[in-house]
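Survey of secondary and tertiary structure
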Amino acid sequence: MSETTNAIDAIAAPVSSPGEKFFPKFEVTPELVAKAQELVALYPEGKEQSAVLPIIHHIQEEFGYVCPEAMPWIAEMCKSTAIHVAGIVTFYPGIHRKCPGKFHFRVCRTIACALSGGEELLPYICSKMGVDPAEMTDEEPMVVSPDGLWSLEAVECLANCGFGPNVMVNDVLHSQVTRGKIDDIMAACKKELAAERKEAAAAKKEAAAARREARAAAAAEAAEATEPTAEEPVAKKTAAKKAPAKKAAPKKK
Amino acid sequence: MSEITYKPGKEPHPRETRRIFRNIDREGYDPSIKCFMKDGGYQTLKKCLKMEPADITNEVKKSGLRGRGGAGFPTGVKWTFIPKGNTKPVYLVCNCDESEPGTFKDRFIVHQDPHQLIEGMIIACYAVQAHYAVIYMREEFPEAARIMQNALQEAEEKNFLGKNIQGSGFDLKIVLHRGAGAYICGEETGLINSIEGVRPYPRIKPPFFPAAIGLYGCPTIVNNVESLCQVRQVMMMGGEAYAAEGAQRSPGTRIIGVSGDVKRPGVYEIISGSITYGELLYDICGGPRIGRKFKAIIPGGASAKVMRCDEILKDRNPDGTVREMTIFDVPMDLDSIAKFGSMSGSGGVIVMDDTRSMPKVLNNLNRFFAWESCGQCSPCREGNPWMYKLSTRICEGKGAPEDVDLLKSVADNICGRTVCAFGEACSWPTQAFTTKFREEFLALTKPINALKPHSAETAEARKFLTRED
Ligand SMILES: Cc1cc2nc3c(=O)[nH]c(=O)nc-3n(C[C@H](O)[C@H](O)[C@H](O)COP(=O)(O)O)c2cc1C
Ligand code: SF4
Ligand code: FES
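Residues numbered from 1 in each chain as written. Chains lettered and ligands numbered in written order. Predicted model: local features only at pLDDT ≥ 70, side-chain atom pairs only at ≥ 80, totals over all residues. Heavy atoms only, no water.

Some thoughts on the overall build of chain B
A tally of helices and strands in chain B yields 17 helices and eleven strands. For chain B, the C-alpha radius of gyration of 24 Å lies close to 23 Å, the compact-globule estimate for 469 residues. Its C-alpha atoms give chain B principal-axis dimensions of about 90 × 50 × 45 Å. Counting every position in chain B, which comprises 469 residues, the buried fraction comes to 58%. Sequence-distant contacts, at least 24 apart, represent 68% of the contacts inside chain B between residues at least 6 apart. For chain B, the centre of its 61 positive side-chain charges and the centre of its 57 negative side-chain charges are spaced 1 Å apart. (Helix = DSSP H or I, 4+ residues; strand = E, 2+ residues; numbered from the N terminus. Rg over C-alpha atoms; globule rule 2.2 N^0.38 Å. Buried < 20%, exposed > 50% of the residue type's maximum accessible area, 1.4 Å probe, protein only. Contact = heavy atoms within 4.5 Å. Lys, Arg positive; Asp, Glu negative; His and termini not counted. Charge placed at Lys NZ, Arg CZ, Asp CG, Glu CD.)

Regarding the packing of aromatic side chains
Inspection of the entire model under this criterion finds 23 aromatic pairs over all chains. Geometrically, the ring pair formed by Phe26(A) and Phe63(A) is edge-to-face, given 5.3 Å between the ring centres and 75° between the ring planes. With Phe26(A) in the loop between α1 (7–12) and α2 (30–40) and Phe63(A) in helix α3 (residues 52–63), the pair connects residues that are 37 residues apart, well separated along the chain. The pair Phe26(A) / Phe63(A) is uniform in exposure class, with both members buried. For the pair Tyr42(B) and Phe160(B), a centre-to-centre distance of 4.0 Å together with 5° between the ring planes defines the contact as stacked. (Phe/Tyr/Trp six-rings, centres within 6.5 Å; stacked < 30°, edge-to-face > 60°.)

Some points on the environment of Glu27(B)
All names here are of chain B. Tracing the backbone shows Glu27 in the segment before α1 (33–38). Taking relative accessible area as the criterion, Glu27 reaches 42% and is therefore assigned partly exposed. Sequence separation of Glu27 and Lys7 is 20 residues, and the distance between their C-alpha atoms is 5.0 Å. Setting aside residues no more than four positions away along its own chain, Glu27 makes contact with Thr5, Tyr6, Lys7 and Pro8.

Some details on the site of ligand 2
Every one of the 13 residues lining ligand 2 counts as a neighbour, but Cys374(B), Gln376(B), Cys377(B), Cys380(B) and Cys420(B) are closest to it. For the shell around ligand 2, the class distribution of residues is eight nonpolar, five polar and no charged. (Near = heavy atom within 4 Å. Nonpolar A, V, L, I, M, F, W, Y, C, P; charged D, E, K, R; others polar.)

What to know about the interface of chain A and chain B
Each partner contributes residues to the interface: chain A has 42 residues there, and chain B has 54 residues. At the boundary of chain A with chain B, total buried surface from both sides reaches about 3900 Å², with 60% on carbon and sulfur atoms. When residues of chain A are sorted by the area they lose upon contact with chain B, Phe91(A), Ile111(A) and Leu115(A) head the list and together hold 18% of the total. At the boundary of chain A and chain B, one finds four salt bridges. With its nearest N and O atoms 3.1 Å apart, the salt bridge here joins Arg106(A) to Glu139(B). Run the count over chain A and chain B and you get 21 residue pairs in polar contact (both at pLDDT 80 or more). (Buried area = accessible area lost by both parts, 1.4 Å probe. Salt bridge = Lys/Arg side-chain N within 4 Å of Asp/Glu carboxyl O. Polar contact = N/O pair within 3.5 Å; in protein donor to acceptor, adjacent residues only side chain to side chain.)

Focus on unusual backbone geometry
The linkage connecting Gly164(A) with the following residue, Pro165(A), adopts the cis geometry, with an omega of -5°. Here Pro165(A) lies in the loop between β3 (150–155) and β4 (167–169). Going from Pro206(B) to Pro207(B), the amide bond is cis rather than trans, its omega being 5°. Among the structural elements, Pro207(B) can be located in the loop between α8 (188–196) and β4 (220–224). With a phi angle near 50°, Lys79(A) is a residue other than glycine that sits in the positive phi range. With respect to the helices and strands, the residue Lys79(A) is situated in the loop between α4 (70–77) and α5 (82–91). In the Ramachandran plot, Gln166(B) falls in the positive-phi region, its phi being about 50° despite a non-glycine side chain. In this structure, Gln166(B) sits in the loop between α7 (142–157) and β3 (173–178).

A few points about the site of ligand 1
Residue and element names in this part refer to chain B. Contacts to ligand 1 come from 17 residues, most closely from Gly69, Lys78, Asn95, Asn224 and Ser227. Within the backbone of Glu98, a nitrogen or oxygen atom sits 3.3 Å from an oxygen atom of ligand 1. Gly186 is positioned such that a nitrogen or oxygen atom in its backbone is 3.3 Å from a nitrogen atom of ligand 1. With the chains in place, 90% of the 620 Å² that ligand 1 exposes on its own is no longer accessible. Among the elements that take part in the shell around ligand 1, β4 stands out by supplying three residues, more than any other. Of the residues contributing to the shell around ligand 1, the split by class is three nonpolar, eight polar and six charged. (Areas by Shrake-Rupley, 256 points an atom, 1.4 Å probe, with all protein chains shown as cover.)

Describing the sheet that holds strand β1 (residues 91–96) of chain B
Residues and elements named next belong to chain B. What the four strands build is an open sheet, ordered β3-β2-β1-β4; its pairing is parallel. Bordering the open sheet on either side are β3 and β4, each of which pairs with just one other strand. Across the sheet, the mean angle from the axis of one strand to that of its neighbour is 20°, orientation sign disregarded. Sheet topology note: the β1/strand β2 (residues 132–137) ladder contains six bridges and is parallel. (Pairing = 2+ DSSP bridges. Axes fitted to C-alpha atoms, helices over the stretch in contact; angles between N-to-C directions.)

Here we look at the pattern of salt bridges
A side chain of one charge can pair with a side chain of the opposite charge when the charged atoms of the two come close. Residue and element names in this part refer to chain A. Considering all chains together, one arrives at 42 salt bridges over all chains under this definition. A salt bridge links Glu69 to Lys25; the shortest N-O distance between them is 3.8 Å. Of this pair, Glu69 sits in the loop between α3 and α4 while Lys25 is found in the loop between α1 and α2, placing the two residues 44 residues apart along the sequence.

Some remarks on the pairing of strand β9 (residues 313–316) of chain B
All names here are of chain B. Side-chain alternation along β9 places Leu313 and Asp315 on a buried face and Lys314 and Arg316 on a face that remains uncovered. Both β9 and strand β10 (residues 322–325) contribute to a ladder of four bridges, which runs antiparallel. By the bridge assignment for β10, Lys314 is matched with Glu324.

Structural notes on the sheet that holds strand β1 (residues 103–108) of chain A
In a beta sheet, neighbouring strands are held together by backbone hydrogen bonds and run either parallel or antiparallel to one another. All names here are of chain A. Overall, mixed pairing links the five strands, which are arranged β2-β3-β1-β4-β5 in an open sheet. Each edge of the sheet is formed by a strand with only one pairing partner; in this case those strands are β2 (142–144) and β5 (172–174). Each neighbouring strand pair of the sheet contributes to a mean axis angle of 20°, computed without reference to strand direction. Against the sheet, helix α7 (residues 118–129) engages β1, β3 and β4, with an angle of about 165° to β3.

So, helix α9 (residues 225–237) of chain B
Residue and element names in this part refer to chain B. With 13 residues, α9 extends 19 Å between its outermost C-alpha atoms, agreeing within 8% with the 18 Å of an ideal straight helix rising 1.5 Å per residue. Of all 13 residues in α9, eleven are buried; the element is thus mostly enclosed. Considered for burial, the residues of α9 that qualify are Val225, Glu226, Ser227, Leu228, Cys229, Gln230, Val231, Arg232, Gln233, Val234 and Met235. Of the residues flanking the start of α9, the one acting as N-cap is Asn224, its side-chain oxygen 2.8 Å from the backbone nitrogen of Glu226. The positive-phi residue at the C-terminal boundary of α9 is Gly238, with phi of around 95°. (Expected span 1.5 Å × (residues − 1).)

In short, the description is geometric, and any link to function would need to be established separately.
Set out below in structure tokens:
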């Protein structure tokens, strides 16, 4: 009745998610192009379009999801059109148009797992993640926690039916999952995050220290350079010395 | 061979015969090519490369091997469907989508013994003279994808893949292609479209039989993971020896996955037809959980028709007399269960005991099918959500008795009117559940519900039609 967006506009519209802060923003780099070309080369000549799924998988691995800006680029890489890529992206349940959380939970809800209590895990996981189960709809089956750390999706059979309930967390399958096991898995995730953060903080500290050192060295040199030799201008010399030192800092982990 | 030991707690049951699963959960075995070759791996391939391709096809035909992906089509016969005098390239695709609920056998092969599959594929490719093959793996196997990629690399380094394999002049490239979580990609023509990078809508047969017009419009052989491993087994044993073992019309071993309400669910490799459903569920799987009774069995993956455990099945003896039995007396081969209206399909046995509500089970399956329909044919696209709504309404106690018949009639009208076999796969459960457990469905309904509007809008619309009381 009111403002109805057409389907294509809806696909092209970005969907924001708190999970984004854990993934880099989509950006075309020479490495990304090289990877896409490598994937295209796997298929027979003239069949570049076959690489659309492999490229999408690579993008999801790197950036978490397929954002609208990525679609025309994917199309360019596999000699297709953006709307065709959009058609693929909207078809498969395994392709996300919204960024998942850092730890993405897929809970099997199909028959064998349901018989062993898979569906009953969903409300429990929701409450632990702090998400509303009512938000999980057919149109948007994935919910992301406000802190972006967790996301949850109910999926169909994970092909481990005898050992249900089955839950996949990122790439790892957990079988015969109970509430207690969910607690353990989430605790392990938090630990992993803490370790990662600690490492990142240490790297940052080191980088800062290196930068400070470089600055001090540059300053010392600048001081030395106050007695200019012949025609060399001071400013030029310090700038030249400073630049490489600054560049080296973030590299040093 | 006798020195094989398995990991503690993972030992095969004495009634199992481990061929394809020989190395699954084996002590000290890893997916590396070293392990595989130490155990005689790739020797069969070397032997095959010295044979004429047509002789391999003949051997597979002689073995009577039938596909393990669900339809049970004779593998060797399928290979001969490549048109005579074909000048286009031939492709081979390994179906590792394993998305049928209740089926979980291929995952063990691709995670633990990838080289067995690769060797089987190379033999099959050589037989049909394919120089390019694809392993289509479901996206939910990320770990297996890494293992397989690594295994392909190892095989190439040892010249089992690539150019001039083992000096035979035969070239082959195998590519791993990952799906993205859609059940319909298991259907062979949907799978082919998925590889081509278009939406995986199944193609209509005829004319699109993959063996004639498949990937990129060229002849393509699509085989399941287990089928291709069985090909290797056939070439190892010889066609005649293979055919001599197990059920006459479906020889060899079969991998059965049991899930649901049994004491010991799991995967078991048995000689086809050597045991009955009763022996499988009571002897191997340990029977029902304490204090419970078996109620229903889905014998071949979610889309097979459910069987009641107390149903009397009538079979004809060779001398013409009629013999009465239950599902527990039916042998586990590919055909026996088909005589009683179900199918053995991909070997996924789902068991339900007397604590289960059948309408709820059906409702779960209906949601699966409603979610997974590709949307190409209207009966399937519209019918499945309709069936799901009806079964939900019944489960919630809001249905009328007529809803049960309506539910079945929707299913009857999908089946046989669609592009692909998903139409049958989704209607069989509803047909079987509503007929065999009709009383359970009816018990949840109330005649008064027929007069009750189910939503606020219909209530509004009906205000003018019904008497206020
Ligand atoms: C809806 C549908 C889903 C299917 N899913 C699978 C599957 O997950 N894995 C599989 O191997 N075959 C599946 N099949 C069967 C394939 O279409 C095909 O028959 C099979 O891969 C052929 O291999 P085979 O001859 O070795 O059995 C499915 C068929 C249909 C109609
Ligand atoms: S039967 Fe269903 S799944 Fe198969 S092509 Fe038609 S709509 Fe798609
Ligand atoms: S039903 Fe859950 S893994 Fe198959």
